[in-house]
Amino acid sequence: MTKQKNDIFFQGPIPATLVAEAISQHHNKPKIGAHSIFLGQIRADQIDGKAVKSIDYTTNRELALLKMAEIREAVFDKYPLACMHVYHSEGEVRVGEICFFVFTSSAHRRAAMDACDELVERIKKEMPIWGKELFEDDTHQWKINK
Amino acid sequence: MKVQVKTFGSLTDILAKEFYITANDTTELLATLTHDHAELAQRSLLIAVNNTIVKTAVTFQENDIVALMPPYSGG
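Residues numbered from 1 in each chain as written. Chains lettered and ligands numbered in written order. Predicted model: local features only at pLDDT ≥ 70, side-chain atom pairs only at ≥ 80, totals over all residues.

Residues and elements named next belong to chain A. The interhelical angle for the contact between helix H2 (residues 61-78) and helix H3 (residues 109-126), taken along N-to-C directions, is 155°, at an axis separation of 11 Å. In terms of their interaxial angle, H2 and H3 are classed as roughly antiparallel. Considering how the two elements wind past one another, H2 and H3 form a crossing that is right-handed. Note on element contacts: H3 touches H2 through Ala115, Glu118, Leu119, Arg122, Ile123 and Glu126, opposite Lys67, Ile71 and Val75. In the contact of H2 with H3, the residues fall into 5 nonpolar, no polar and 4 charged. (Axes fitted to C-alpha atoms, helices over the stretch in contact; angles between N-to-C directions. Helix = DSSP H or I, 4+ residues; strand = E, 2+ residues; numbered from the N terminus. Parallel < 35°, antiparallel > 145°, perpendicular 65-115°, else oblique. Left-handed = near helix turned anticlockwise from the far one by under 90°. Contact = placed C-beta atoms within 7 Å. Nonpolar A, V, L, I, M, F, W, Y, C, P; charged D, E, K, R; others polar.)

Turning our eyes to something else, we now look at the pairing of strand S5 (residues 65-69) of chain B. Residues and elements named next belong to chain B. Counting buried positions over the 5 residues of S5 gives 4, a clear majority of the element. Of the strand pairs in this sheet, strand S1 (residues 2-7) and S5 are connected by 4 bridges, and their pairing is parallel. When the bridges of S5 are listed, Lys6 appears paired with Ala67. Across 4 bridges, the pairing between strand S3 (residues 46-49) and S5 is antiparallel. Bridge pairing in S5 links Val49 to Val66. (Buried ≥ 20, exposed ≤ 12 C-beta atoms within 10 Å, placed from the backbone. Pairing = 2+ DSSP bridges.)

This part takes up the interface of chain A and chain B. Contact with chain A, which involves 21 residues of that partner, is made by 12 residues of chain B. Among the secondary structure elements, those contributing two or more residues to the side of chain A that touches chain B are H2, H3 and strand S8 (129-135) of chain A. Ranked by residue count, the leading element in the side of chain A that touches chain B is H3 of chain A, at 4 residues. Here the side of chain A that touches chain B is built from residues that sort into 11 nonpolar, 6 polar and 4 charged.

Residue and element names in this part refer to chain A. Across its 18 residues, H3 extends 25 Å between first and last C-alpha, which sits within 8% of the 26 Å expected from 1.5 Å per residue. Along H3, the residues that are buried comprise Ala111, Ala112, Ala115, Cys116, Leu119 and Ile123. All buried residues of H3 lie within an arc of 125° about the axis, which places them on one face of the element. The exposed residues of H3 that point more than 90 degrees off its buried face are Arg109 and Glu121. (Expected span 1.5 Å × (residues − 1). Arc of directions from axis to C-beta.)

The next thing to look at is the sheet that holds strand S2 (residues 18-22) of chain B. Whenever strands of a sheet pair, they do so through backbone hydrogen bonds, lying parallel or antiparallel. All names here are of chain B. What the 5 strands build is an open sheet, ordered S2-S1-S5-S3-S4; its pairing is mixed. Either end of the sheet is taken by a strand with one partner, and the two such strands are S2 and strand S4 (52-54). Pairs of neighbouring strands in the sheet enclose a mean axial angle of 35°, with direction left out of account.

The next subject is the environment of Asp45 of chain A. All names here are of chain A. Structurally, Asp45 can be placed in the loop between strand S3 (34-41) and strand S4 (46-47). Judged by the 14 C-beta atoms lying within 10 Å of it, Asp45 is partly exposed. Distance in space between the C-alpha atoms of Asp45 and Ile14 is 20 Å, their sequence separation being 31 residues.

What follows covers helix H1 (residues 26-36) of chain B. Residues and elements named next belong to chain B. Within the span of H1, buried status applies to Thr26, Leu29 and Leu33. Taken end-on, H1 shows its buried residues confined to a sector of 60°, consistent with a single buried face. In H1, the exposed residues that point more than 90 degrees away from the buried face are Ala31 and His35. Along its buried surface, H1 packs onto S2, S3, S4 and S5.

Next up on the list: the environment of Phe76 of chain A. Residues and elements named next belong to chain A. For Phe76, the position within the fold is in helix H2. Note on Phe76: 16 C-beta atoms within 10 Å, which makes it partly exposed. A C-alpha to C-alpha distance of 8.4 Å links Phe76 and Ala115, two positions 39 residues apart in sequence. Once you skip the residues sitting within four places of it in the chain, Phe76 turns out to touch Leu81 and Met84.

Next up on the list: the pairing of S8 of chain A. All names here are of chain A. Two elements, strand S5 (residues 50-59) and S8, share 7 bridges in a ladder whose sense is antiparallel. Bridge pairing links Thr58 to Trp130 in S8. Where S8 folds back on strand S9 (residues 140-142), the antiparallel hairpin that results is connected by 4 residues, among which Asp138 adopts a positive phi of roughly 70°.

Laid out in structure tokens, this is it:
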């Protein structure tokens, strides 16, 4: 069982190469039969006729990492996972770029898929992260999660 | 008690990101801040004292670190 112990925060957009590397790092783990991946991408929401150009993410880093450790333990306890990796952007991420990457692996697909889904929901709801939506005209509004 | 306050998200449009203030407990802290910044009254806030979320009023110790946080919006 491998657990990503380091910081989950990635400065700026999460590159596609990081996702590819995460997949390739599991080739030598023959007990894994399924991976589930969630990728969050910045959407060009239209608000009052203005388009979002990017989201600037800030965090309460210390509290977030404590909370992430708690969520990670709970999800590992609940599902028979082989691996779990989570990355979330800090700083500015533009429309079309990736800001959130959750990757779970297990022997059979159900555990990986359910754990991935639960991680995405819990992280969005419980992690002290804030998104500031920046518009083309340099105004902003604070993102509200639905 | 002198405590260090850290603010996050939309609160940084109203308050400084970090400042020191004197208050005996969370209730007094919020009352003082709301007195000076009336727009805080309508805000939904989460409070953490020394990285522990507190749901009820908490008495401060000297140099406590108090995080004032609006609803989360990660992902």
